[in-house]
Amino acid sequence: MTLKGKDFLKLLDFSSEEILYLIDLAADLKAKKKAGIPHRLCEGKNVALIFEKTSTRTRSSFEVASHDLGMGCTYLDPSGSQIGKKESIADTARVLSGMFDGIEYRGFGQKRVEALAAYANVPVWNGLTDEFHPTQILADMLTVREVFGRLKGIRFVYMGDSRFNMANSLMVGCAKLGLHFTACAPREYFPDPALVSICEELAAQSGGSVTLCENPEEAVRGADVIYTDVWVSMGEPVEVWEKRVNDLAPYEVNSRLMHLAAENAVFMHCLPAYHDKETDVGREMCERFGRENMEVTHEVFESKASVVFQEAENRMHTIKAVMAATLADL
Ligand code: CP
Ligand code: NVA
């Protein structure tokens, strides 16, 4: 199998075999890194990292992975480049294609990363859009496989706003890889029916399933993984907080819900998470709405069941696999 020259824009563009190939490659590169074995598979190449939204994990992963693969990387921050303000996506794509061997893009609509890829003649990687966050799902699946030793048949429950990047991408990833995916949210937060029906078809082929459920207790009963994300995503206006907190409060991941899950169930979160008042936004919103946390309690976040930091580390190994697979002759 070769993915050389391909873009990585969304998981829907990849077969389950290709996704598993990337997860296997990430596991191999992780083992090499731990053993101190050099893997400079992209020696002498250069990549551009465009971030129109902020980031800790994704940016660090692309930068560390680039160095480990023998590449240089240039970070273009949300305010320090011409993109969108003085230069179109199409022009940016052609300028950067002349200097770099690959381009990462984090920003708003999926259409923007798709346009970048259409005009670039080097691989483009999606580092998060409003609709999809595909590199996160590779890390999540590597983590689930490390914990349970398998992906097929895992009962995976996503709690919270199921219309945005995380739920969308997890639903596609689970459907492609044969997991049983449940999105648990109030009905108005259910994912786009068109995407649900695509995922139902994919799940029928992989042996997985897709379920939408409004009742948290019912959704988590017997679950292997309980996953959540922030209730208000990057780019959303501050005005949405009040309704979001009121609507999603019953979907907070707490010890009561964890106890209803399977005995060895794990808690996952893409991060960053509002599990306490140790951040400016977390403190402000918790005080405004009289809460100690938002989407997950501090107790669950810090519990033995929480694999969030293993998951965060796996961002780097999986992003490295995406760059190596699309740039190098493997
Ligand atoms: N999970 C994730 O994408 O984190 P960052 O926003 O810090 O990149
Ligand atoms: N849904 C979140 C994911 C962050 C990794 C956001 O878009 O802000």
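Summary of the structure given here. Values in this document were obtained by computation on a predicted structure and should not be read as measured data.

1. Section: the side chain of Thr129
So, point 1. Tracing the backbone shows Thr129 in the loop between strand 4 (124–126) and helix 5 (134–148).
So, point 2. Ignoring anything within four residues of it in the chain, the contact list for Thr129 reads Gly107, Phe108, Gly109, Gln110, Val113 and Asn165.

2. Concerning the site of ligand 1
So, point 1. Taken together, Ser55, Thr56, Arg57, Thr58, Arg106, His133, Gln136, Cys270, Leu271 and Arg315 are the residues near ligand 1.
So, point 2. In the environment of ligand 1, an oxygen atom lies 2.7 Å from a nitrogen or oxygen atom belonging to the side chain of Thr58.
So, point 3. Within the complex, the protein chains bury 95% of what would otherwise be the 260 Å² of accessible surface of ligand 1.

3. Structural notes on the site of ligand 2
So, point 1. Taken together, Leu128, His133, Phe164, Asn165, Asp229, Val230, Ser233, Met234, Cys270 and Leu271 make up the full set of residues adjacent to ligand 2.
So, point 2. One of the side-chain nitrogen or oxygen atoms of Asn165 is found 2.8 Å away from an oxygen atom of ligand 2.
So, point 3. A distance of 2.6 Å separates a nitrogen atom of ligand 2 from a polar side-chain atom of Asp229.
So, point 4. Notes on ligand 2: free accessible area 270 Å², of which the protein chains cover 95%.
So, point 5. Looking at the shell around ligand 2 residue by residue, the class counts come to six nonpolar, three polar and one charged.

4. Brief notes about the sheet that holds strand 5 (residues 155–159)
So, point 1. Across the sheet, which stays open at both edges, the five strands sit in the order 7-6-5-8-9 with parallel pairing between neighbours. Unpaired on one side and paired on the other, strand 7 (209–213) and strand 9 (266–269) mark the two borders of the sheet. On average, each strand axis in the sheet is inclined to that of its neighbour by 20 degrees, with strand direction left out of account.
So, point 2. With four bridges connecting them, strand 8 (residues 225–228) and strand 9 associate as parallel partners. Opposite Ile226, over in strand 9, you have Phe267 as the bridge partner.

5. Some words on helix 5
So, point 1. Across its 15 residues, helix 5 extends 21 Å between first and last C-alpha, which sits within 8% of the 21 Å expected from 1.5 Å per residue.
So, point 2. Of all the 15 residues making up helix 5, 11 are buried; the element is thus mostly covered by neighbouring parts of the structure.
So, point 3. What helix 5 keeps buried is the set Pro134, Thr135, Gln136, Ile137, Leu138, Ala139, Asp140, Met141, Leu142, Thr143 and Val144.
So, point 4. Trailing helix 5 by a residue or two, Gly149 shows a phi angle of about 75 degrees, which is positive.

6. So, the pattern of salt bridges
So, point 1. Evaluated as defined, the whole model comprises 26 salt bridges.
So, point 2. A salt bridge links Arg145 to Asp24, with the shortest nitrogen-to-oxygen separation between them at 2.8 Å. Of the two residues, Arg145 is situated in helix 5 and Asp24 in helix 1 (residues 16–34); the sequence distance between them amounts to 121 residues.
So, point 3. Close ionic contact of Arg187 with Glu214 constitutes a salt bridge, the shortest N to O distance being 3.3 Å. Separated by 27 residues along the polypeptide, Arg187 in the loop between strand 6 (180–184) and helix 7 (193–206) and Glu214 in the loop between strand 7 and helix 8 (216–220) bring together distant segments of the chain.

What counts and what doesn't
- Residues numbered from 1 in each chain as written.
- Chains lettered and ligands numbered in written order.
- Predicted model: local features only at pLDDT ≥ 70, side-chain atom pairs only at ≥ 80, totals over all residues.
- Heavy atoms only, no water.
- Helix = DSSP H or I, 4+ residues; strand = E, 2+ residues; numbered from the N terminus.
- Contact = heavy atoms within 4.5 Å.
- Near = heavy atom within 4 Å.
- Polar contact = N/O pair within 3.5 Å; in protein donor to acceptor, adjacent residues only side chain to side chain.
- Areas by Shrake-Rupley, 256 points an atom, 1.4 Å probe, with all protein chains shown as cover.
- Nonpolar A, V, L, I, M, F, W, Y, C, P; charged D, E, K, R; others polar.
- Pairing = 2+ DSSP bridges.
- Axes fitted to C-alpha atoms, helices over the stretch in contact; angles between N-to-C directions.
- Expected span 1.5 Å × (residues − 1).
- Buried < 20%, exposed > 50% of the residue type's maximum accessible area, 1.4 Å probe, protein only.
- Salt bridge = Lys/Arg side-chain N within 4 Å of Asp/Glu carboxyl O.

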